[in-house]
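Chain by chain, the residues:
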Amino acid sequence: VNFESEIRRPDGSTVWIKENVRAVRNQEGRLLHLQGFVSDVTERKLAEDALRASEGRYRVLFDHLPIGVVEFNYGGMERWLQELRAGGVTDFGAWVDTHPAEWRAASKLVSIVGANSATLRLLGLRSLEEGVANLERIYTGEVYDARRQTVSAIWRGATEASGKFAVNTLDGRTRRIFYHWRAPVLDGRPFYDRTQLALIDVSEIQAAHQALAAARGALSEDPTATL
């Protein structure tokens, strides 16, 4: 059943076939002959090989990017939003404001399915599993606000959202992050089961801006001071 193999044709070319064979027996159970069907599955096999190669290239690029990237599954959240809409909800933001407990429960429908090495370094993690086990320590209120903005984008049918939030590392530091979330579009429709969240650490940049602002403030108070 569904036996696949590569065969060589008389002209020297090769193709992939799928065979399904059954035994035909008489009333006494004696084997009379075999009956089967052969299908050409070359195109499907080539497509599968190309998909595997593409996935391999993506994983190499994903893991070696210099910025953090986290993959989230928002598929369950999308289906929950559809149920809300079917239940008559028209203003998602207003609904969340009046149903905070239900919103907190629904937030758990979003799951992390991957994170690259840059993300682990950024958060001081040894593994993705360690990060998932310590989300309550890592997440700040700003992260949950960003989650709400992302879900609001899904409610509108959007595939991108950007902003800033603070996260805590496991060694006690706080990092300021610029994030950009996106969902791929497949066959003309957003695919929310595998979305990417890019994380850019802007902590040093923000600290430099604050120091510059403080220095300018000191200069305005004392015109004789120099930067």
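Scope of this entry: the structure provided in the associated data block.

Scoring rules and cut-offs
Residues numbered from 1 in each chain as written. Predicted model: local features only at pLDDT ≥ 70, side-chain atom pairs only at ≥ 80, totals over all residues. Heavy atoms only, no water. Core = buried A, V, L, I, M, F, W, Y, C linked by side-chain atoms within 4.5 Å. Buried < 20%, exposed > 50% of the residue type's maximum accessible area, 1.4 Å probe, protein only. Helix = DSSP H or I, 4+ residues; strand = E, 2+ residues; numbered from the N terminus. Contact = heavy atoms within 4.5 Å. Axes fitted to C-alpha atoms, helices over the stretch in contact; angles between N-to-C directions. Parallel < 35°, antiparallel > 145°, perpendicular 65-115°, else oblique. Left-handed = near helix turned anticlockwise from the far one by under 90°. Pairing = 2+ DSSP bridges.

Once that is clear, we can look at the nonpolar core. Tyr74, Trp80, Leu81, Phe92 and Trp181 are the most contacted members of the largest nonpolar core, which has 38 residues in total. Sort the elements by how many residues they give to this core and helix H8 (residues 141–155) lands first, with six residues. Not counting chain neighbours up to four residues away, the residues in contact with leucine 81 comprise Phe92, Val151, Ile154 and Trp155.

With that settled, the discussion passes to the packing of helix H2 (residues 75–86) against H8. Contact pair H2 / H8: the axes reach a minimum separation of 10 Å and the direction vectors enclose 60°. Our classification of the angle between H2 and H8 gives oblique. Seen from above, H2 lies across H8 with right-handed handedness. From H2, Met77, Glu78, Leu81, Leu84 and Arg85 reach across to H8, where they touch Val151, Ile154 and Trp155.

Okay, the sheet that holds strand S7 (residues 174–182) next. Ordered in space as S5-S4-S10-S7-S6, the five strands form an open sheet in which the pairing is antiparallel. Only two strands of the sheet have a single neighbouring strand rather than two, namely strand S5 (111–115) and strand S6 (160–168). The mean angle between the axes of side-by-side strands here comes to 30°, regardless of whether they run parallel or antiparallel. Contacting strand S4 (68–73), S6 and S7, H8 runs over the sheet at an angle of about 165° to S6.

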